[in-house]
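Read off the chains here:
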Amino acid sequence: MLQKGNITKLLVKPTAINRLLLPLSGLYGLVTDLRNWLFNNQLKEVYRASIRTVSVGNLTVGGTGKTPMVEFLIKWYLNKGGADAYQAVTLSRGYGRKTSGFRVAGPDDTATTLGDEPLQVYRKFGRQVRVCVGERRADAIQTIERIYPNTRLIILDDAFQHRAVQPDVNLLLTDYARLFVADHPFPAGRLRERRQGARRADAVIVTKCPVALPATEQHRIAGLIRQYARPDVPVFFAGLAYQRPVPFSGSTSPALTGPVVLVSGLANADPLDEYVRTEYTLLSHRRYADHYAYTRADLERVMAELPAGASVLTTEKDWVKLDALLTPAERAQWPLYYLPVGTQLLDGSDRQFDQFLNEQILKNP
């Protein structure tokens, strides 16, 4: 049996306040246990789609890299060849949008009507994949089945706790810097349910790993995860792959040079901060809440305080919201850049994950 002390540096250390909150976490865990028991024993209705369905989710509140994984799956499916346009659909609840009900992304949508992450996916893949939102995902899936009968794959974003839908493949993500195996349910920790919820996972992906994570450490982490997931569940390891910054103008130039002010609205911006500090001269980092709804005043404040010769660097998720606040002239002239990021499977995990997806998606239509 592996001992947790072997990777103590990776695990969450409870504070005195966290310890005081543990009884409340126990109560919260009991509530989620009851909810899961009702679904497990078919006392609450569960819908299983006629279309192959893959869920991407986590046990933790925010910040595990779900959107990069959704985009990875889209590119993987499209790169397999022979997939006609719009055979794949992404579906999320559209967190932060001001609309409600089922909605299919279109050219007039904004983060307000669709949500920031679905809009990001639509801007990148909207000509090949349908991007849909709907808070009642079982109903949304049935709508997709009815109006888009040629759909071959539905990718569910942030649906691990959405028990009203039974996916064919359940992918559970956990952040390398905050593994679920040593976290606690809310409010003492960040878990949405107890660690044992990992038993629903068909595969676990440890995200945001160092590229050179030793195989021995991977083995130890996988052993800890399998204490809560099913013993035979595959565990994969992935890092973040940052690309070259892209100007808001959409032009390929000018390239980003000189110091930067980083602007982000993420649940966990630490990996981004570390990368930018390594690659650029970081003057400051303006951190906003996850899914923050930027205003024109926010943008003007950033630009007014921007040092001479510096540029603003932000994330794709924040770009789709900040870009909507600009005039065409500002978009062309202001030094604004966004930093694309994707999921990169570590050596060894890449081939194994490809084989896993082939077997679970392509060989089981």
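Residues numbered from 1 in each chain as written. Predicted model: local features only at pLDDT ≥ 70, side-chain atom pairs only at ≥ 80, totals over all residues. Heavy atoms only, no water.

(A) Up close: the environment of Thr343. By secondary structure assignment, the location of Thr343 is in strand β14 (residues 341-345). We classify Thr343 as buried; its relative accessible area is 14%. Separated by 278 residues in sequence, Thr343 and Gly65 place their C-alpha atoms 7.9 Å apart. The contact partners of Thr343, leaving out residues within four places of it in the chain, are Pro68, Met69, Phe72, Ala238 and Gly239. (Helix = DSSP H or I, 4+ residues; strand = E, 2+ residues; numbered from the N terminus. Buried < 20%, exposed > 50% of the residue type's maximum accessible area, 1.4 Å probe, protein only. Contact = heavy atoms within 4.5 Å.)

(B) The packing of aromatic side chains, seen in detail. This model, assessed by the stated rule, comprises 12 aromatic pairs. Among the aromatic residues, those joined into a cluster by ring pairs are Phe72, Phe236, Phe353 and Phe356. Looking at Arg123, its charged tip hangs above the ring of Trp319, at a distance of 4.8 Å from the centre. (Phe/Tyr/Trp six-rings, centres within 6.5 Å; stacked < 30°, edge-to-face > 60°. Lys NZ or Arg CZ within 6 Å of the ring centre and 35° of its normal.)

(C) Fine view of the sheet that holds strand β13 (residues 336-339). If you trace the five strands from one edge of the open sheet to the other, you get β9-β13-β12-β10-β11, paired in mixed fashion. A strand with exactly one partner marks an edge of an open sheet, and here the two such strands are β9 (246-247) and β11 (282-288). Pairing of strand β10 (residues 260-265) with strand β12 (residues 311-315) involves four bridges; the strand directions are parallel. Pairing of Val261 across the sheet is with Val312, part of β12. Where helix α7 (residues 270-279) meets the sheet, its contacts fall on β10, β11, β12 and β13, and the angle it forms with β11 comes to roughly 165 degrees. (Pairing = 2+ DSSP bridges. Axes fitted to C-alpha atoms, helices over the stretch in contact; angles between N-to-C directions.)

(D) Region of interest: helix α1 (residues 16-40). Look at α1: 35 Å from first C-alpha to last across 25 residues, which is about the 36 Å you get at 1.5 Å a residue. Considering bend angle alone, the principal kink of α1 is centred on Leu22 and spans about 45 degrees; proline Pro23 follows within four residues of it. Buried within α1 we find Asn18, Ser25, Gly29, Thr32, Asn36 and Phe39. (Expected span 1.5 Å × (residues − 1). Bend = angle between axes of the 7 residues up to and from the residue.)

(E) Here's a closer look at the nonpolar core. In terms of nonpolar packing, the biggest core is built from 51 residues, with Val56, Leu73, Ile74, Leu171, Ile205, Phe353 and Phe356 touching the most fellow members. When residues in this core are grouped by element, the largest group, seven residues, is from helix α2 (residues 66-79). If you count residues domain by domain, this core takes at least three from each of domain 1 (44-242 + 345-363) and domain 2 (246-339). Ignoring sequence-local partners within four residues, the contact set of Phe353 consists of Met69, Phe72, Leu73, Leu171, Ile205, Phe236 and Leu345. With 24 residues, the next largest nonpolar core counts Tyr176, Phe180, Leu224 and Phe237 among its residues. (Core = buried A, V, L, I, M, F, W, Y, C linked by side-chain atoms within 4.5 Å. Domains from an automatic or database assignment.)

(F) Spotlight on the sheet that holds strand β6 (residues 169-175). Spatially, β3-β4-β2-β5-β1-β6-β7-β8-β14 is the arrangement adopted by the nine strands of the open sheet, whose pairing is mixed. Every interior strand has two partners, whereas the edge strands, β3 (103-104) and β14, have only one. Sheet topology note: the strand β1 (residues 52-58)/strand β5 (residues 153-157) ladder contains five bridges and is parallel. If you follow Arg52 over to β5, its bridge partner there is Leu153.

(G) Representation of the domain arrangement of the chain within the structure. What the domain assignment reports for the chain is domain 1 (44-242 + 345-363) and domain 2 (246-339). With centres defined by C-alpha atoms, the gap from domain 1 to domain 2 works out at 27 Å. Tallying the contact residues gives 15 residues for domain 1 and 13 residues for domain 2. Buried surface at the junction of domain 1 and domain 2, summed over both partners, amounts to about 1300 Å²; 60% is from carbon and sulfur atoms. In this structure, the connection of domain 1 to domain 2 is made through four salt bridges. (Buried area = accessible area lost by both parts, 1.4 Å probe. Salt bridge = Lys/Arg side-chain N within 4 Å of Asp/Glu carboxyl O.)

(H) Layout of the pattern of salt bridges. Here the structure, examined in full by the defined rule, presents 28 salt bridges. Close ionic contact of Asp354 with Lys80 constitutes a salt bridge, the shortest N to O distance being 3.0 Å. A residue pair is termed long-range when its members are at least 10 positions apart, and Asp354 in helix α11 (residues 349-362) and Lys80 in the loop between α2 and β2 (88-92) qualify at 274 residues. The exposure class assigned to Lys80 is partly exposed, which follows from its relative accessible area of 34%. Several salt bridges converge on common partners, so that one network encompasses Asp270, Asp273, Arg277 and Arg287.

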